[in-house]
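Residues per chain, in single letters:
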Amino acid sequence: MMKLNVALMLLAVWFAPMVMAQDEAHKECLQISSLTGDYFAQRLDGKTKAEMQQATPSEFKHTAFLRKIELAINLAFTFPESQSEEQIEKAVYENCLEHRDN
C-alpha cells in the first residue's frame, strides 16, 4: 500500500505541470473566444473595428491582455455575419486549443 501511495504521489508531481499548462491553455482560449464573441456581437450592432479599438481602456495599453483584445477584435471581423455568436466562440475556442498544442 505504501508503494502505491508513493507511486501515485510521484505521478501527481510529474503530471501536475502538464495539467496546469493545459488548464492555462483552456482558460486563455476560453477568454479569447469569449472576447471574440462579444466583439462579433458589437460588429453586428454596427460598431467598426476602430470604434472597438478606441473603446479599449487605456490601462490595458502595453499588456498581454491588450494583445488578446486586438486578436479578438480582428477575429470578430473575419467571420461572416451569417454565423451566430455561439458558432464564432466555438470555432475560435477549438482553433485556439488546436494551435496551443502545436
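Within any chain, residue numbers begin from 1 and follow the written order of that chain's sequence. Residues qualify for local features only when their pLDDT is at least 70, as the model is predicted, and side-chain atom pairs are given and counted only at 80 or more; totals for whole chains, interfaces and linings, by contrast, use all residues. As a convention, hydrogens and water are excluded, and side-chain values are obtained from all of the structure's heavy atoms.

Enquirer: Please clarify how unusual backbone geometry should be interpreted in this entry.
Expert: Residues apart from glycine generally show negative phi values, whereas peptide bonds are mostly found in trans. A positive phi angle, close to 60°, is found at H62, a residue other than glycine. Under the scheme used here, helices are H or I runs from DSSP no shorter than 4 residues and strands are E runs no shorter than 2 residues, and both carry numbers assigned from the N terminus. By the secondary structure assignment, H62 is in the loop between helix 2 (49-54) and helix 3 (64-76). Burial classes follow relative accessibility: with a 1.4 Å probe on protein chains only, a residue under 20% of its type's maximum area counts as buried, one over 50% as exposed, and anything between as partly exposed. Classification of H62 as exposed rests on a relative accessible area of 79%.

Enquirer: Which parts of the structure should I look at to understand the state of the cysteines?
Expert: Structurally, a disulfide amounts to a covalent bond that connects the sulfur atoms of two cysteines. Only a pair of cysteine sulfur atoms within 2.5 Å counts as a disulfide in this structure description. Counting across every chain of the model gives one disulfide. Paired through a disulfide, C29 and C96 show a sulfur-sulfur distance of 2.1 Å. Of note, the bridge from C29 to C96 carries an S-S torsion of about -75° and is left-handed in sense. Here C29, found in helix 1 (residues 2-44), pairs with C96, found in helix 4 (residues 85-100); they are 67 residues apart in sequence, far enough to count as distant. What makes C29 buried here is its relative accessible area of 0%.

Enquirer: Looking at this model, I keep getting lost on the pattern of salt bridges. Mind explaining?
Expert: Once their charged atoms are close, side chains differing in charge can pair, the charge on each being opposite to the other. The rule for a salt bridge is simple: a side-chain nitrogen of Lys or Arg has to be within 4 Å of a carboxyl oxygen of Asp or Glu. Under the definition given, this model contains three salt bridges. Among the ionic pairs, E28 bridges to K68, the shortest N-O distance being 3.7 Å. Taken together, the residues span a long stretch of sequence, with E28 in helix 1 and K68 in helix 3 at a distance of 40 residues. Among the residues examined, E28 registers a relative accessible area of 22% and is labelled partly exposed. Across the pair E81 and R43 runs a salt bridge whose closest N-O atoms are separated by 3.7 Å. Taken as a pair, E81 in the loop between helix 3 and helix 4 and R43 in helix 1 lie far apart in primary sequence, 38 residues in all.

Enquirer: Help me understand the environment of Q87, please; the structure alone is not making it clear to me.
Expert: Among the secondary structure elements, Q87 is positioned in helix 4. Take Q87: its relative accessible area is 42%, and that puts it in the partly exposed class. When the C-alpha atoms of Q87 and G37 are compared, they prove to be 8.7 Å apart, with 50 residues separating the residues in sequence. In protein, a polar contact requires one atom able to donate a hydrogen and another able to accept it; more generally it is a pair of N or O atoms within 3.5 Å, and residues adjacent in sequence count only if both atoms are side-chain atoms. Here the side chain of Q87 touches S84 through a polar contact of 2.7 Å, landing on its backbone nitrogen.

Enquirer: Please explain the side chain of S33 as it appears in this structure.
Expert: Mapping S33 onto the fold places it in helix 1. Of the residues examined, S33 reaches a relative accessible area of 3% and is grouped as buried. When near neighbours in sequence (up to four residues on either side) are disregarded, S33 contacts E89, V92 and Y93. Here, residues are in contact when the closest pair of their heavy atoms is within 4.5 Å.

Enquirer: Looking at this structure, how should I read helix 3?
Expert: In an α-helix there are 3.6 residues to a turn, and that puts residues three or four apart on one side. With 13 residues, helix 3 should reach 18 Å at 1.5 Å per residue; the first-to-last C-alpha distance of 19 Å fits that figure. Buried within helix 3 we find L66, K68, I69, A72, I73 and A76. Buried residues of helix 3, seen end-on, are gathered within an arc of 155° and therefore sit on one face of the element. Here, expected helix span is obtained from the residue count minus one, scaled by 1.5 Å. The directions from the helix axis to the C-beta atoms form the arc being described.

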